[in-house]
Amino acid sequence: MKENKQKTLRLILGDQLNINHSWFKTVDEKVTYVMMEIRTETDYAQHHIQKVIGIFAAMQNFAKELLQLHHKVIYLKLNDKNNLQSFNENLDALVLKNSFSCFEYQLPDEYRVDQYLKEYCKSLTITNNVIDTEHFYSSRSELGNLFEGKKIFLMETFYRYMRKKHQVLISDGDKPLHGKWNFDEDNRRKLPKNHKPTPPLIFTNDFSEIETEIKKISIKTIGVVDSKNFLWPIDRNQSLQLLDFFVRECLPLFGTFQDAMAPNEWSLYHSRLSFSMNIKLISPQEVVNKAISEYEKRPNDIEYNQLEGFVRQIIGWREYMRGIYWLKMPEYAALNYFEHSEKLPQWFWTGNTKMNCLKNAITQSLQFAYAHHIQRLMISGNFALLAGVNPNEVDAWYLGIYIDAFEWVEITNTRGMSQFADGGIVGSKPYVSSATYINKMSSYCTGCYYDKAKKTGDKACPFNSLYWNFYDKHESKLSKNPRIGMMYNVWRKMQPTAKAELLEQAEYYLKHINEL
Ligand code: FAD
Ligand code: DLZ
Ligand code: SF4
């Protein structure tokens, strides 16, 4: 047993459940860990009920695991009479009561909490320290250092740097395995008509007690839950089971159907590992290594493009988004390139719309606290951007509704990639589309109230006119973008009457947005 000199209090946040952290390697008599379920965290956004239950359940299990390893743990439940419902008040009370002479915490992933704890430490008269979470491949400042002095932050540049640095899918020291860095052109097909995807692995944890506590004190949440059969992994063991399931059943078709969408298929071949990874039950390294070892074991079942596509999401996109976040916060949270100011349509909270694609994407989000990337980007995000919704509203919705939503990865995806509110830091052009793309990648349009082929008139698909309206409205900001110049050539060549009809149709839809 290693002895710490000072009586130390260590804070573990709800998304810092990394049992392999060096903090836990030795048991120290003088160290006490504290975890707290508090109102400041349940209320800073209106979270999905499954997100709150999932985090509390995982926190409670983590505390039990630490106790089993003989660490000292103070766990403040939501309804604990000693719980003062904020980090600083609980910490102050504990320091005073137990005469701690040192306070330590791990680097928070969120700017808000990072600032808060820095400020808190300034107010302390006892020693304090902060330590890395030992979770990510890259440090907070690594992306910023790589792109120092540059105006463009290409994900592909960062991705190649990461692959080389960590020797992932590399041959001869710095060459990409199989001769190319990116195999995306082999991926992204529509789901064939009679193709039945493997049903997702779901868990049946009973957390009805946590639900009762949340309801008792009227925490405002969104969505629904079957808390007797809570389907998300809530500990390391279940997260590893989900990882096993993913590499066995889903990885062979991951890339192929990465962008596909189908009614009533809520996760297809996606891993659903983001929640486990974001609260650090499992590390990105172990996810990447497991996928690579499965590929090596089953070369006849798993093509390289499936593996590369998956590895890129984690070592590339996930780390890239975090790097941009720490480089650009806090200014990033106020960016609004298009000066959009509309409200989100009411049906974003109910799924009650006649647009089949949005009905599916929103209803499943309320039901499962999950939608896969293309649903988030090209259905709900696409619509919000075409409708000119204020990015603050869009951010609040995404931060609340998804079980994996934490600001460092939510805001860069939403405000950046999806809403182009950063003017092109994360993406080189706005992700908008008409019904053509949605119909190409999904079967939502079949059976929709609206007609995907109609641009104007009765039952014309709203995406079609809103799409041209968006380009028309933002011509001064977008027409010089080399990736969209082509669209403006098409728009300029269109007959003036056709253009006027499209704009009129869009205006009508925008006026009646809550009835769509
Ligand atoms: P898979 O498709 O199986 O991908 C594997 C892993 O790659 C994911 O678990 C995730 O860790 C990582 N990944 C993939 N794409 C991205 C990306 N664009 N950015 C960062 N990591 C990525 N992801 C979150 O974790 N939290 C969020 O709050 C979040 N908000 C988003 C909001 C919008 C508008 C968009 C377009 C995307 C958002 N994403 C977010 C990224 C992505 O949609 C999710 O990571 C993914 O859908 C999670 O499901 P999965 O684990 O099944 O992913
Ligand atoms: C999201 C969340 C929620 C809903 N509740 C808590 C909580 O009660 N206690 C806690 O420590 N963490 C919670 N979290 C996660 C924190 O918001 C998270 O630690 C920050 O977002 C920092 O990334
Ligand atoms: Fe969505 Fe339009 Fe297709 Fe309906 S027709 S599903 S609204 S894209």
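Conventions and cut-offs
- Residues numbered from 1 in each chain as written.
- Chains lettered and ligands numbered in written order.
- Predicted model: local features only at pLDDT ≥ 70, side-chain atom pairs only at ≥ 80, totals over all residues.
- Heavy atoms only, no water.
- Salt bridge = Lys/Arg side-chain N within 4 Å of Asp/Glu carboxyl O.
- Helix = DSSP H or I, 4+ residues; strand = E, 2+ residues; numbered from the N terminus.
- Buried < 20%, exposed > 50% of the residue type's maximum accessible area, 1.4 Å probe, protein only.
- Contact = heavy atoms within 4.5 Å.
- Axes fitted to C-alpha atoms, helices over the stretch in contact; angles between N-to-C directions.
- Parallel < 35°, antiparallel > 145°, perpendicular 65-115°, else oblique.
- Nonpolar A, V, L, I, M, F, W, Y, C, P; charged D, E, K, R; others polar.
- Expected span 1.5 Å × (residues − 1).
- Arc of directions from axis to C-beta.
- Near = heavy atom within 4 Å.
- Polar contact = N/O pair within 3.5 Å; in protein donor to acceptor, adjacent residues only side chain to side chain.
- Areas by Shrake-Rupley, 256 points an atom, 1.4 Å probe, with all protein chains shown as cover.
- 1 Å grid on protein atoms, 1.4 Å probe; cavity = no way out; pocket = protein on both sides within 12 Å on 5 of 7 lines; lining within 4 Å.
- Sits in = over half its atoms within 2 Å of the grid points.
- Points joined across faces, edges and corners; volume = space filled by probe spheres on them.

(A) Looking closely at the pattern of salt bridges. Evaluated as defined, the whole model comprises 31 salt bridges. Note that Glu-393 is salt-bridged to Lys-343, the shortest N-O span being 3.3 Å. Taken together, the positions of Glu-393 in helix α14 (residues 391-401) and Lys-343 in the loop between α11 (304-328) and α12 (356-368) put the pair 50 residues apart, joining distant regions of the chain. According to the relative accessible area criterion, Glu-393 is partly exposed, its value standing at 26%. The class for Lys-343 is exposed, based on a relative accessible area of 60%. A single network of salt bridges, built from pairs that share partners, joins Asp-184, Arg-188, Asp-259, Glu-308 and Arg-312.

(B) Region of interest: the environment of Leu-251. Residue position: Leu-251 is located in the loop between α8 (236-250) and α9 (274-278). Using a relative accessible area of 0% as the deciding quantity, one classes Leu-251 as buried. Setting aside its immediate chain neighbours within four residues, Leu-251 contacts Phe-246, Ala-291, Ile-302, Gln-306, Leu-307 and Phe-310.

(C) Region of interest: the packing of helix α17 (residues 462-473) against helix α20 (residues 496-511). Interaxial distance between α17 and α20 falls to 8 Å at its minimum, and their mutual angle equals 110°. As judged from the angle between their axes, α17 and α20 are roughly perpendicular. Taken together, the residues of α20 that come into contact with α17 (itself represented by Pro-462, Asn-464, Ser-465, Leu-466, Trp-468, Asn-469 and Asp-472) are Leu-502, Leu-503, Gln-505, Ala-506, Tyr-509 and Leu-510. Across the contact of α17 with α20, the residue classes tally to eight nonpolar, four polar and one charged.

(D) Fine view of helix α10 (residues 284-297). Here α10 contains 14 residues, and its C-alpha end-to-end distance of 20 Å stays within 8% of the 20 Å for a straight helix at 1.5 Å per residue. If you check which residues of α10 are buried, you get Pro-284, Val-287, Val-288, Ala-291, Ile-292, Glu-294 and Tyr-295. Angular distribution of buried residues about the axis of α10 spans 160°; they occupy a single face of the element. In α10, the exposed residues that point more than 90 degrees away from the buried face are Glu-296 and Lys-297. Where α10 is buried, its residues contact α8, α9 and α11.

(E) A look at the site of ligand 2. Surrounding ligand 2, one finds 18 residues, the nearest of these being Asp-15, Met-36, Ile-38, Glu-41 and Glu-110. Taking Gly-14, its main chain carries an N or O atom lying 3.0 Å from an oxygen atom of ligand 2. At a separation of 2.4 Å, an oxygen atom of ligand 2 approaches a polar side-chain atom of Glu-110. Protein coverage of the free-state accessible area of ligand 2, which is 490 Å², stands at 100%. At a threshold of 2 Å from the grid points, most atoms of ligand 2 map onto the largest cavity. Listing elements by their share of the shell around ligand 2, those giving two or more residues are α1 (39-43), α2 (49-68) and α4 (111-122). Counting residues per element, the shell around ligand 2 draws most heavily on α2, at three residues.

(F) Region of the structure containing the layout of surface pockets. Its boundaries defined by the atoms lining it, the second largest pocket holds a volume of some 340 Å³. Along its surface, the second largest pocket is lined by 22 residues, and Glu-342, Lys-343, Ala-387, Gly-388 and Ile-513 are the ones closest to its centre. Contributions of two or more residues to the lining of the second largest pocket are made by α13 (373-386) and α17. The element contributing the most residues to the lining of the second largest pocket is α17, with three residues. Of the residues contributing to the lining of the second largest pocket, the split by class is 10 nonpolar, seven polar and five charged.

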